Amino acid sequence: MVKKIQAIRGMNDCLPTQSALWQKLENAVKKVVSSYGCTEIRMPIVEMTHLFSRAIGEVTDVVEKEMYTFDDRNGDSLTLRPEGTAGCVRACIENSLIDRSEQRLWYMGPMFRHERPQKGRYRQFHQCGVEIFGLDGPDVDAELIMMTARLWQELGIDKHVRLELNSIGSLEDRASYRTALVAFLEQNIDVLDDDCKRRMHTNPLRVLDSKNSAVQAMLADAPRLSDYLSDESKQHFLGVCELLDAAGIEYRVNERLVRGLDYYNRTVFEWVTEDLGAQGTVCAGGRYDGLVEQLGGKSTPAVGFAMGLERLVLMLETLELTDVRRAVDVYMVTAGEGTMVAGLKLAENLRERIDGLRVMTHFGGGNFKKQFKRADKVGAVVALVLGENEVAEDTVVLKDLLGGTQETCKQSDVAAKLAELI
Ligand code: ATP
Ligand code: MG
């Protein structure tokens, strides 16, 4: 027997039984982000490798060990996008979208990271992100968070996520903090694991979000970033907090929240859940005022977030919020001479008259019993039955598959009858 070819580890098919829930999630996301005036941008899935190393930072988990990087046939080093912000900024600069005007953008699609696959962590996964360029006030940060809060409400998961918030200040604020933090870490070097030791000099803030519990305990006495924030950064953060308070959005200020990517400054936030085990962050974001300039554009303030769609689907499943629109409303059953022609015609007519109606025609023959069985299997609520008599009389039998009743009606009346049942 020929050996079966399998999908790549950590890269999943979205099967027909799952896709309706995905569509429900995607539609909810699109509805909410559009309701804030954001418009969609679609970037390529592959970019030049140095875009990511420059944007995300050389000393980050993503760039150090998670990227799918390969040489294309010209010898250029390319990378499957591990996230959307870098490509979005590149596209904005290249197409002069942010030279003179602000932009409020969203994107959705697959991302790729070579991580150890486990629940909530995959090698191909999907994110929806929002990026807002050209606005530097705390009002934008707050509204972005309000946008995510509205989405949790729309999905029915708002009671199951909580918001963690922090300000990591400006580059200058962090530079003075860094010196103090490194001095502290050096005094406690025997508690640090190898990863932390390496990061201590390259990217010491990353030590703060170490998952090592001994390191976390030691950090209780570490200098606090909030003591090093400039007045401007403090004001900005206060502004965000006040606006969230006014909007009734609860949050916890978590001083250890620094985010894994280098480009952030000022506001950073994460929405976390206890319902998914270790992979508890469903959405993460913050300000990245320096990135546009760093990638060759004109200095432009920016703020955004990205959410992991797999983790949101898992939440909907865990919370049993899996009601979806049924795939088939009406099943067209035909048997006898000339009935298929009439059935196809009636089905087309109904699709035209009832917007969004889902009609599946039975193909492949078989008796009525077999056809009704099939109708049940696909989840239809109504079967329309055409035999030779019905065709001759321009009627159709309408069978309510849930109630079990049936009636014969004129073909021209069937749309009105269906509207009552569906
Ligand atoms: P984590 O700490 O879980 O590794 P991260 O900080 O690397 O997350 P971000 O780069 O901020 O994640 O991406 C934003 C969101 O995308 C995450 O909060 C998560 O919901 C989702 N995400 C990130 N990596 C993966 C992955 N490998 N599989 C599934 N979802 C992911
Ligand atoms: Mg990660």
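Residues numbered from 1 in each chain as written. Chains lettered and ligands numbered in written order. Predicted model: local features only at pLDDT ≥ 70, side-chain atom pairs only at ≥ 80, totals over all residues. Heavy atoms only, no water.

- Where an unreviewed UniProt entry is consulted, the chain appears under the name Histidine--tRNA ligase, with the organism given as Vibrio aquimaris.
- According to UniProt, the comment filed for the chain under the heading Catalytic activity (unreviewed entry) is "tRNA(His) + L-histidine + ATP = L-histidyl-tRNA(His) + AMP + diphosphate + H(+)". (UniProt positions renumbered as here; feature names shortened; annotations may be inferred.)

Overview of the side chain of Thr-267
Next up, step 1: Here Thr-267 lies in strand 9 (residues 265–272).
Next up, step 2: Here Thr-267 falls in the buried class, since its relative accessible area comes to 2%.
Next up, step 3: A polar contact is formed between the side chain of Thr-267 and the side chain of Asp-141, at a distance of 2.6 Å.
Next up, step 4: Other than its neighbours up to four places away in sequence, Thr-267 contacts Asp-141, Leu-165, Asn-166, Ser-167, His-236, Val-240, Gly-285, Gly-286 and Arg-287. (Helix = DSSP H or I, 4+ residues; strand = E, 2+ residues; numbered from the N terminus. Buried < 20%, exposed > 50% of the residue type's maximum accessible area, 1.4 Å probe, protein only. Polar contact = N/O pair within 3.5 Å; in protein donor to acceptor, adjacent residues only side chain to side chain. Contact = heavy atoms within 4.5 Å.)

Considerations on the sheet that holds strand 10 (residues 281–287)
Next up, step 1: Reading across the sheet, the eight strands line up as 1-5-6-11-10-9-7-8 and stay open at both edges, with mixed pairing between neighbours. What marks the edges here is a single partner per strand, and that holds for strand 1 (39–40) and strand 8 (252–253).
Next up, step 2: Pairing between strand 5 (residues 103–112) and strand 6 (residues 124–133): ten bridges, direction antiparallel. Counted as the bridge partner of Trp-106 is Val-130 from strand 6. (Pairing = 2+ DSSP bridges.)

As for the pairing of strand 11 (residues 302–308)
Next up, step 1: Taken across its seven residues, strand 11 has seven buried, putting it largely inside the fold.
Next up, step 2: Covered by surrounding structure in strand 11 are Ala-302, Gly-304, Ala-306 and Gly-308 together with Val-303, Phe-305 and Met-307, the residues of both alternating faces.
Next up, step 3: Direction of pairing for strand 6 relative to strand 11: antiparallel, over a ladder of seven bridges. The partner of Ile-132 across the bridge, within strand 11, is Val-303.
Next up, step 4: Pairing analysis gives five bridges linking strand 10 to strand 11, with the strands arranged antiparallel. Paired with Arg-287 across the bridge in strand 11 is Val-303.

Things to note about helix 11 (residues 309–318)
Next up, step 1: Of all ten residues that make up helix 11, eight are buried, and the element is covered over most of its length.
Next up, step 2: Taken residue by residue, helix 11 has Leu-309, Glu-310, Arg-311, Leu-312, Val-313, Leu-314, Met-315 and Leu-316 as its buried positions.
Next up, step 3: Turning to helix 11, the residues buried within the fold contact helix 1 (16–34), strand 5, strand 6, helix 5 (138–155), strand 10 and strand 11.
Next up, step 4: Note on helix 11: the residue one or two positions beyond its end, Glu-320, has a positive phi of about 55°.

Focus: the side chain of Arg-311
Next up, step 1: Relative to the assigned elements, Arg-311 resides in helix 11.
Next up, step 2: Here Arg-311 sits buried without a salt bridge, and the closest side chain of opposite charge, Glu-115, lies 5.9 Å off (N-O distance).
Next up, step 3: A polar side-chain atom of Arg-311 sits 2.7 Å from the main-chain carbonyl oxygen of Gly-120.
Next up, step 4: In this structure, Arg-311 is in contact with Gly-120, Arg-121, Leu-276, Gln-279, Gly-280, Thr-281 and Val-282, ignoring residues within four places of it in sequence. (Lys, Arg positive; Asp, Glu negative; His and termini not counted. Salt bridge = Lys/Arg side-chain N within 4 Å of Asp/Glu carboxyl O.)

Details of the UniProt feature "binding site: L-histidine" (unreviewed entry) in the chain
Next up, step 1: Under the local residue numbering, the UniProt record ascribes the feature "binding site: L-histidine" (unreviewed entry) to Glu-83, Gly-84, Thr-85, Arg-113, Gln-127, Glu-131, Arg-259, Tyr-263 and Tyr-264.
Next up, step 2: With respect to the helices and strands, the residue Glu-83 is situated in the loop between strand 4 (77–80) and helix 4 (85–94).
Next up, step 3: Of the polar contacts made by the side chain of Glu-83, one reaches the backbone nitrogen of Thr-85; its length is 3.4 Å.
Next up, step 4: With respect to the helices and strands, the residue Thr-85 is situated in helix 4.
Next up, step 5: For Thr-85, a relative accessible area of 6% corresponds to the buried category.
Next up, step 6: Among all residues touching Thr-85, those that are not within four sequence positions of it are Tyr-107, Glu-131, Tyr-263, Tyr-288 and Leu-291.

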